[in-house]
Amino acid sequence: MSSPYAAPVQTLIDELGRLPGVGPKSAQRIAFYLLQVAPEDANRLARAVTEAKERITWCRRCFNISEGELCTFCLDERRDATLVCVVQDPRDIVAIERTREFRGRYHVLQGAISPIHGIGPEQLRIGELVRRITDEGVTEVILATNPDIEGDATAMYLAERLRPLGVRITRIASGLPVGGDLEYADEVTLGRALEGRREVDS
Ligand SMILES: [Zn+2]
């Protein structure tokens, strides 16, 4: 099937369409928007993408995004290195930082265990976490994976794997996933939801 657009326009639409949350219609709309703006505006976007890709890497200690070898949290000496909060994604760090409740360090797994998507523990930064606990004198690990089935399964796996290391292991309080059906919730999720039950504010 041949495209009604000139080849460079079709390429732009195809690339935009690969972005998360951008469907074919949005891809078309953004592409035509970019064709209409001043060249310097379009170039600024292109440059921002290139520069972010060139300058940002993974922190070699916690696997957060970082401009240098270590991220800002790992470089900050005032943060408690004995307390490590484990998250799935660098964006989760931003969410936790917003609470201003946490003064420890982080460890980014870069995903969660998901048999459906073929992601096992070996694809995550779990070996690195184990090494950190032994090498850096970590005394408490807070499991802050998502409160859904994959995040819970990952937390359960981590708890078992880390227990022999003799560190305190805690899990953020969580209920059932939003929109989750009690009938389909696994017993682990349901058990935790029951255990952590609270009075409902009327
Ligand atoms: Zn770091």
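Just above, that's the structure.
As a starting point, this report considers the structure included with it. Worth saying up front: this structure is predicted, and the values here are computed from it rather than measured. (Residues numbered from 1 in each chain as written. Predicted model: local features only at pLDDT ≥ 70, side-chain atom pairs only at ≥ 80, totals over all residues. Heavy atoms only, no water.)

Taken together, the side chains of I56, W58 and I65 define a hydrophobic patch exposed on the protein surface, amounting to about 290 Å² of accessible area. Given the relative accessible area of 44%, W58 is considered partly exposed. (Patch = residues over 30% accessible without salt bridge, like charges linked within 9 Å, V, L, I, M, F, W, Y side chains within 5 Å. Areas by Shrake-Rupley, 256 points an atom, 1.4 Å probe, with all protein chains shown as cover. Salt bridge = Lys/Arg side-chain N within 4 Å of Asp/Glu carboxyl O. Buried < 20%, exposed > 50% of the residue type's maximum accessible area, 1.4 Å probe, protein only.)

Moving on: the coordination of the zinc ion. Ligation of the zinc ion by protein atoms is provided by C59 (SG), C62 (SG), C71 (SG) and C74 (SG), these donors lying 2.3 Å from the ion. One can describe the site at the zinc ion as tetrahedral: its 4 donor atoms subtend angles covering 101 to 120° at the metal. Within one chain, the residues serving as donors to the zinc ion are arranged as C-x2-C-x8-C-x2-C. In this pair, the class of C71 matches that of C74, namely buried. (Donors = N, O, S within 2.8 Å, 3.2 Å for Na, K, Ca; no water. Tetrahedral: all angles 85-135°; square planar, octahedral: opposite > 155°, others 65-115°.)

Quick look at the pairing of strand 6 (residues 168-171) now. Across 4 bridges, strand 5 (residues 140-143) lies against strand 6 in parallel orientation. Pairing of E140 across the sheet is with R168, part of strand 6. In the classification by handedness, the crossover that spans strand 5, the intervening helix 7 (residues 149-162) and the parallel strand 6 is right-handed. (Pairing = 2+ DSSP bridges. Helix = DSSP H or I, 4+ residues; strand = E, 2+ residues; numbered from the N terminus. Right-handed = clockwise from strand over helix to strand, strands pointing away.)

Strand order in the open sheet formed by 4 strands is 4-3-5-6, with parallel pairing between adjacent strands. Looking at the sheet topology across the chains shown, the edges are occupied by strand 4 (104-108) and strand 6. Strand-to-strand twist across the sheet, computed as the mean angle between neighbouring axes with direction ignored, equals 25°. With 5 bridges connecting them, strand 3 (residues 80-87) and strand 4 associate as parallel partners. Looking at strand 4, one finds that V86 is bridged to H107. Running over the sheet, helix 5 (residues 90-99) touches strand 3 and strand 4 and is turned about 155° from strand 4. Of the strands in this sheet, strand 3, strand 5 and strand 6 are in contact with helix 7, which crosses strand 6 at around 170°. (Axes fitted to C-alpha atoms, helices over the stretch in contact; angles between N-to-C directions. Contact = heavy atoms within 4.5 Å.)

Let us look at helix 6 (residues 126-135). Within helix 6, burial applies to I126, L129, V130, R132 and I133. One side of helix 6 carries all its buried residues, which in axial view fall inside an arc of 160°. For helix 6, the exposed residues lying more than 90 degrees away from the buried face are R131, T134 and D135. Each element contacted by the buried residues of helix 6 is listed here: strand 3, strand 4, strand 5 and helix 7. (Arc of directions from axis to C-beta.)

Before going further, it helps to examine the environment of R79. With respect to the secondary-structure elements, R79 resides in the loop between helix 4 (72-75) and strand 3. For the pair R79 and R103, spaced 24 residues apart in sequence, the C-alpha separation works out to 5.4 Å. Not counting residues within four places of it along the chain, the set of residues in contact with R79 comprises F73, E97, F102, R103, G104, R105 and Y106. Side chain to side chain, R79 and E97 meet in a polar contact 2.8 Å long. (Polar contact = N/O pair within 3.5 Å; in protein donor to acceptor, adjacent residues only side chain to side chain.)

With that settled, the discussion passes to the environment of R55. Looking at where R55 falls in the secondary structure, it is placed in helix 3 (residues 39-55). In sequence terms R55 and E67 are 12 residues apart; their C-alpha atoms lie 5.8 Å from each other. For R55, the residues in contact, after removing those within four places along its chain, are S66 and E67. Looking at R55, its side chain comes within polar contact range of the side chain of E67, at 2.6 Å.

The next point concerns the packing of aromatic side chains. Under the defined criterion, the tally for this structure stands at 3 aromatic pairs. Geometrically, the ring pair formed by F73 and Y106 is edge-to-face, given 5.4 Å between the ring centres and 70° between the ring planes. Here the residue F73 occupies a position in helix 4, and Y106 occupies one in strand 4, the gap between them amounting to 33 residues. For the residue pair F73 and Y106, the accessibility class agrees, reading buried in each case. Grouped by ring-pair contacts, the aromatic residues F73, F102 and Y106 constitute a single cluster. (Phe/Tyr/Trp six-rings, centres within 6.5 Å; stacked < 30°, edge-to-face > 60°.)

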